Amino acid sequence: MPITLLWAVDVYGRVYSLSTAGQRWVRADDTLLELKRVTAGKDRCWGIGCDHHVYLNMMPSETSIRYREETYENQRWNPVDSFTDTLLPTDRWPWSDVTGMNPQPLHSFQLPSRSWDWEGDWYVDQSCGEPSQTGGWEYAVDFPANFSPDKKWNSCVRRRRWIRYRRYTAQGTWAKIPLDSPRKPLLPLCDISCGGWQMSDQSGRYPYLWGVSQQGEVWFREGIHPRVPEGSGWEEVEVLKEVAQLSAGPGDLLWALLWDGNLLVRTGLSLDCPTGTSWVELESPGKEIEALHVAVGVSVVWVVTKDYKVWFRRGVNSHNPCGSGWISIGGEMMVVDVGLNEQVWAVGEDRGLYFRMGVTPSEPSGSGWIPVSAQWGNSKEVIPPGKECELGDRRAEASKSSLLSCTDSDSESGPADAQSATKDFPVLEAAASSVVPLGGNDSPPPKTGDPPPAVHQDAPRPFIPASDSFINSLVSDRDKTAAPQVPVTEAPREGVQELSPAPILPTPETTGHDVPWMNVDLEARCAQAAGLSPGAAGTLETSRGVGEEDAPVWSWISGGGCDVDASSQISWLSPTGPLSSSLSLTPVQSAAWSEQPQQQQQESRGEISKKPLERSHSVWVRKGALRWWRDWKPQRWVDVAVALEQSTKSDGRKDSIFFVYYTQYDEKKYLHVFIHEVTALVPVLMDCHYAFAVYTTQRTQQRWPLVLAAQTQTDMKDWLSLLSDCCCECRGIDGPPSRQALWSTTSTGEIMVHEPSFSLEAAAHTLACDLMFWRQVPGHLRCVESNSLGLVWGIGWDGTAWVYSGRCGQQPIPGDAAERHQQSDVRSVHVYENQRWNPMTGYTDKGLPTDRPMWSDEGGLQERTRGNTHPPSPQWSWASEWAVDYDVPGGTDQEGWQYAADFPTYVVIMFSGCDKKARRRVALTDLAPRRTFHGHKAMKDFVRRRRWTRKCTITLTGPWQRVPPIRLSDISLMPCLAHSSMEQVPVWALSDKGDVLCRLGVTPQNAAGSSWLHVGTDQPFKSISIGGANQVWAIAKDGEVFYRGSVSPQNPAGECWYHIPCPPRQTLRQLSVGRTSVFAVDDNSNLWFRQGLTPSYPQGSAWELISNNVTKVSVGPLDQVWIIAEGVPGFPAETPGAVCHRLGVGPMQPRGQSWDYGIGGGWEHISVRGNSAEAPRGPHPGPVGAPRSPLPPAQVNGSAVGV
């Protein structure tokens, strides 16, 4: 690490530097130099002197700073004198710059300041051609033209360049910057700030300098260059209000402090526009407390308010320079400064220097303050905060006058009690009434009869310079015209006991802005700490000039050039002393601590060690780079920077914000998402990227999630895990899912869980679906089913049965890690090859313009070839090559072809039920009797297709235990109420061949059960469900419905099957049975309700059409109805699969009233059969407003007719 310097200024204007490789403060060589403030950058430091001039100190380096001055000598040829400097009136000047527009004779060049020296005299640049032949001349036909060293017959003009170098000789010393003559006279500056050398657009640039005049004007220093460190002139930047102080960061951040205590943020800073474009005003972070100081870094902002509270601005970035909110940080500071690597330095309320430890890129707010303890002078003693005043508090009193209001009436009236103000040394001119003494008259009384020393009686009040001497000088002689005050000696007291140190007084909260400078009597405490009486201290002070050899009392610090970080091993940054014992101690408490006796310190330290540390607010940040699918057209992937910022409050509560920074048309912009508003984090399949979608309530309603993609699968998992943990932590969700949880799966196999509340099924105030929070459970399944006893079963894409082993509804225990098993799955990916017959060539891949693509998906809507078809997600990997699939419904011929008369054509139909018309493409063959592909060629079969398949596999770990050996296609667990108890839980399933199975031995303690019991059927089945009171319903492969009779705990397999008629001209494909209701979905995505179910006649009487646009239905133990809808009205571009909730379902109206749409876009399955959290029943209000229904019940897909 290179050796860098920390700069500081004391109250007398003396400048000191502290090297990272040293241990001692070093004062500037110029002992007459008095600066008010300094601002450091890389390899330089700027300062404002008490004479209002700006000073610059360039660090010595091996490379000297040289600047080349150049001018051009121009001549024209004439027949008499040949080439001469007598030019035409329209020509350029005889001596000019390269453009010829500005005259530049040799004698016009002057050194810009005393910091420069000429290296030599002017000489001709001989770089053009042979010096002996050309003499440095370049020839051309006329001005301006292209010059060349070759002289031709038509060369009428010539020029040559003269060069002279000057060298900067003031490196390592403070050099005064000369005043220039701007368009508007520059007023005396009161603050400066250096920054801009790490612009986000480009690194390694030279710094910029900003200044504030005493009239509140903002100025920018132009022309600063590596070869011109002083710059060339000042440019005024327009500002609407008067500025008191500003701070420029190493990047493109600039904040300013107004005289009214508010803050200004400069926007639009860039390399092309270093002065920015506009100002944005922000309020002070403290309520009714004005800001006192501001400091910025690359992406951080720190502010001190007038009650000496330290604040941190969260969400600050070059894309969002204003940030998003304030965080209160512990410590009582007057001045803060942000240095390199975002490290924070501060001047405490006790005038000591402090460093913020623990500041890292991931935790920019740090963890606590530690003192800067470096040696001073020739002594070996380390100067901690609170001990710089061992020989008196004159410098502290003087420094106090530099920042207190000049109109403070208390500072003019003096102390009210003369006896309490009596001391053995002269009274200082600085206002003493602002100090709140804690120890009272704890000094021993003087001996009776000893007259006070004459030197004390006759000594005039000295004027003590402060850092803001020009302000102090205005009030320094305020009391000189008053009557001289006669020192009053304290009357002798008898039997006076030594008082114990008084407790620390907290900073008053009701005093508003007029708060005391310090609440510690520094004089008495420091004298006592040094083992000296106040009289001895006064005698010692008079033996030498004030502040000549004492430890400095600091007023300003600048760490912009000090290269340290949280891991640096710096000798003077060791966390020792009382501040390292407890982060809750303030600098003033530290001063009071050092005043206590050693025994009392040990007792107090023991008491503090027994108390929990009062941690201040902290901020944790995780940054990275992702790709973002842009929200507007043309939609494409955009490289963005992301940041997750988490704020931890003192009570342990956390608040997080996720930022996405992007650039549009060279303008920096950003998106932000509050973590407590996130409703789901779902991996998605987009262009073979490792992508995931971030849903919020608003984005769910708009059907446009925030889609981001990572470069690798590991990065995606890390971000998903991090964001999910923050979401769960924000919502107070911990451990495995509860027994009442809603389970769902996506089209990519991700398992999602929602923790329900009583309001989810409440009749009066139902929780909206778009407010539901879904979190991911490790694993990969095609479907999942659960019940309220904590049993969860799932089926993979390859038919493997899995049972959840994560202890639903129980707190995690150390043994949970052993419950994670390796889980694998196999899935087939299909593409269809399509051909049309013609009389010339037979079947060929040349179709009609209206035909589907010759390589497509099953529906023919999307073109898919074997080359551009990828696995479902990047987590899958191919396990085989492409092959013809002969196991296709409807059969195939020997080559795998299926034949039909024509390909289905599609039309656009309108959906009503919402404000905007929704469109969906529906096959015309679905509106008429279905024409399917078959495996034999007929006379009128003019098209054919065959399916190509390829297997892919995925392997991961999760809390799922495999249940061998039969592969399943469907499964159902009996729903029950929350407080139900059963010896064995009925579980019914279908094998991949359509056989009906009943699982025996399933209990909450043995979720996997013991064995399968085969239930006989006449034909294979494709869907099965068991409801309350052991009602078992099933659907056969041909779409017919059956009811299993006589099922009971004693007879788990039942007796026989009863046939239930299907809806007219419809074929059912999936059903779900609740406590007292049955819902089913047909092949045309219509939802049906079974009427007339009674305990005496459980088969019901008829089917009633409820809605269409449904792919899956799930009925819970409370007869609640949830579905997976094909689409959402008004959003035809959304991926099919949306979670919907049926509203208005009750005992008197089991079919419900309307639909409430929730999260959507690729959801495959949902199970609410574990949610038995029944809300207290109340009067059910009527529907309000238009129902949010997919379709009116009157409209039906296919040829269905409502019964």
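Residues numbered from 1 in each chain as written. Predicted model: local features only at pLDDT ≥ 70, side-chain atom pairs only at ≥ 80, totals over all residues. Heavy atoms only, no water.

1. Concerning the overall build of the protein
Helix and strand counts for the protein come out as 12 helices and 72 strands. Classification of the 1203 residues of the protein by burial places 52% in the buried group. At a minimum sequence separation of 6, the contacts of the protein that also span at least 24 residues come to 61%. When the accessible surface of the protein is totalled, it reaches about 54900 Å², and 51% of it is carbon and sulfur. (Helix = DSSP H or I, 4+ residues; strand = E, 2+ residues; numbered from the N terminus. Buried < 20%, exposed > 50% of the residue type's maximum accessible area, 1.4 Å probe, protein only. Contact = heavy atoms within 4.5 Å. Areas by Shrake-Rupley, 256 points an atom, 1.4 Å probe, with all protein chains shown as cover.)

2. Remarks on the UniProt feature "domain: Peroxin/Ferlin" (unreviewed entry) in the protein
Under the local residue numbering, the UniProt record ascribes the feature "domain: Peroxin/Ferlin" (unreviewed entry) to residues 64–125, 136–169, 824–885 and 925–955. With 0% helix and 44% strand, the stretch residues 136–169 has end C-alpha atoms that lie 30 Å from each other. (UniProt positions renumbered as here; feature names shortened; annotations may be inferred.)

3. What about the sheet that holds strand β34 (residues 637–648)?
Strand pairing in a sheet is mediated by backbone hydrogen bonds. Such pairs are either parallel or antiparallel. Pairing is antiparallel in the open sheet, where 7 strands are placed in the order β36-β35-β34-β33-β39-β38-β37. Only two strands of the sheet have a single partner each, and these edge strands are β36 (667–674) and β37 (678–686). When strand polarity is set aside, the average angle formed by the axes of neighbouring strands in this sheet is 35°. Of the strand pairs in this sheet, β37 and strand β38 (residues 689–696) are connected by 8 bridges, and their pairing is antiparallel. When the sheet's bridge partners are listed, A680 is paired in β38 with Y695. (Pairing = 2+ DSSP bridges. Axes fitted to C-alpha atoms, helices over the stretch in contact; angles between N-to-C directions.)

4. Observations concerning the sheet that holds strand β40 (residues 742–746)
Across the sheet, 4 strands lie side by side as β42-β41-β40-β72; this open sheet has antiparallel pairing. This sheet does not close on itself; its edge strands, each paired only once, are β42 (774–777) and β72 (1163–1167). Taking the axes of each pair of neighbouring strands and ignoring which way they run, one obtains an average angle of 30° across the sheet. Bridging between strand β41 (residues 751–754) and β42 involves 4 bridges; their strand directions are antiparallel. Counterpart to V753 in the pairing with β42 is R775.

5. Description of the environment of A8
On the secondary structure map, A8 appears in strand β1 (residues 5–10). Accessibility expressed as a relative area gives 0% for A8, which makes it buried. Here the alpha-carbon distance between A8 and G559, two residues 551 residues apart in the chain, equals 8.6 Å. In this structure A8 touches R14, V15, Y16, W25, L353, W554, W556 and I557, once residues within four positions along its chain are discounted.

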